[in-house]
Amino acid sequence: MIASTRDEDVVVIELQREDRRNALNLELCHAIRQAADEAVDGGARALVITGKGSAFCSGADLGGVYGTDFLDALYGMLHHLAQLPVPIIAAVNGPAIGAGTQLAMACDLRVVDDKAKFAVPVARNGMAVDAWTIRTLAQLAGTGRARRLMLAGESLDRKEALDCGLADAHGGLKYAIAWAHEIASLAPLTIAHNKRVLNDLYEDEAAVEKGFHAVWESADVQEAAQARLEKRAPTFEGR
């Protein structure tokens, strides 16, 4: 159902329900969350999430979508990914529909291939998504395109997703992994702080200030300064 592969500081999590076009069910939601936690606990500095086969994720498995247990698992997983301290790249290797679009948005960056497509067709199936999904979609894609997806049930192809900012780069899994390696070499405390601010995860402004000063007081700041003097690339340790 899930395959996790580690390459130095990068872990690739592949959804493996190819026969269901990687549709999310209760077990897969739990497996994604567990795999991400294990990667972070194991010291990974960047994650890549992708789907096996021709789809990134075709949405929620309609066999279990109506249960509260599934909804709790889905939104618990999505919000948990957004709160993890490491950057996550979605390698969108085909359609990301409904919960697939939500999974891609829970990641920090999205790399799309030629067959990528985004849609949240709840207006067509009588369902609903949480406010985080709607607001995040509007922030990433713009309110106009978010209205088209949420009110008119339309979709965005790869080009339009790139044009509006819902997608960040055009490429396949190899590109996403290479980008993850570049990001993994950056200062992890800075990235964690920036992600918390971008995702509005700090409790209040005092916590924002505390996080800001914690970065400036870290050993990584001193390492960067020493690296400049020695004309070399810094080696950040996240402390």
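This one's a predicted model, so the numbers in the text were calculated from it and none came from an experiment.

Conventions used here
Residues numbered from 1 in each chain as written. Predicted model: local features only at pLDDT ≥ 70, side-chain atom pairs only at ≥ 80, totals over all residues. Heavy atoms only, no water. Buried < 20%, exposed > 50% of the residue type's maximum accessible area, 1.4 Å probe, protein only. Helix = DSSP H or I, 4+ residues; strand = E, 2+ residues; numbered from the N terminus. Pairing = 2+ DSSP bridges. Salt bridge = Lys/Arg side-chain N within 4 Å of Asp/Glu carboxyl O. Contact = heavy atoms within 4.5 Å. Domains from an automatic or database assignment. Buried area = accessible area lost by both parts, 1.4 Å probe. Nonpolar A, V, L, I, M, F, W, Y, C, P; charged D, E, K, R; others polar.

K.L.:
I'd love a proper account of the pairing of strand S4 (residues 88-92), names of residues and values included.
P.N.:
Counting buried residues in S4 gives five out of five residues, a clear majority hidden from the surface. Burial of S4 is two-sided: the residues Ile88, Ala90 and Val92 facing one way and the residues Ile89 and Ala91 facing the other way are all buried. Of the strand pairs in this sheet, strand S3 (residues 46-51) and S4 are connected by four bridges, and their pairing is parallel. Bridging from a neighbouring strand, Val48 pairs with Ile89 of S4. As paired elements, S4 and strand S6 (residues 109-112) share four bridges and run parallel to each other. Across the sheet, Ala90 pairs through a bridge with Arg110, a residue of S6.

K.L.:
Which residues make up the pattern of salt bridges, and what values go with them?
P.N.:
Going through the model one piece at a time under the given rule, you end up with twelve salt bridges. In this structure, the salt-bridge partner of Asp114 is Arg158, at a minimum N-O distance of 3.6 Å. With Asp114 in the loop between S6 and strand S7 (117-119) and Arg158 in helix H7 (residues 158-164), this residue pair connects regions lying 44 residues apart in the sequence. Judged by its relative accessible area of 55%, Asp114 is exposed. Look at Arg158 and you get partly exposed, because its relative accessible area is 24%. For Glu223, the salt bridge goes to Arg232, with nearest N and O atoms at 2.7 Å. Classification of Arg232 by relative accessible area gives partly exposed; the value is 33%. Among the charged side chains, a salt-bridge network with shared partners connects Arg145, Arg148, Glu154 and Glu160.

K.L.:
So what's going on with helix H9 (residues 188-198)? Which residues, and what values?
P.N.:
Think of an α-helix as turning once every 3.6 residues; residues three or four places apart then point the same way. Among all positions in H9, only Ile191, Ala192, His193 and Lys195 are buried. On its buried face, H9 sits against helix H2 (68-83), S4, helix H8 (173-184) and helix H10 (205-216). Following H9 by one or two positions, Asp200 has its phi on the positive side, about 55°.

K.L.:
Any details on the domain arrangement of the protein? Residues and values, ideally.
P.N.:
Along its sequence, the protein is carved into domain 1 (2-183) and domain 2 (187-230). Computed from C-alpha atoms alone, the centre-to-centre distance between domain 1 and domain 2 is 27 Å. Taken together, the contacts link eleven residues of domain 1 with six residues of domain 2. Across the domain 1/domain 2 interface, buried area totals approximately 600 Å², and carbon plus sulfur atoms make up 57% of it. Taken together, the links from domain 1 to domain 2 amount to one salt bridge. Where Lys195 meets Asp108, a salt bridge forms, and the shortest distance between an N and an O atom there is 2.9 Å. Of all the elements, H2 adds the most residues to the side of domain 1 that touches domain 2, at three residues. Per-class residue counts for the side of domain 1 that touches domain 2 are eight nonpolar, one polar and two charged.

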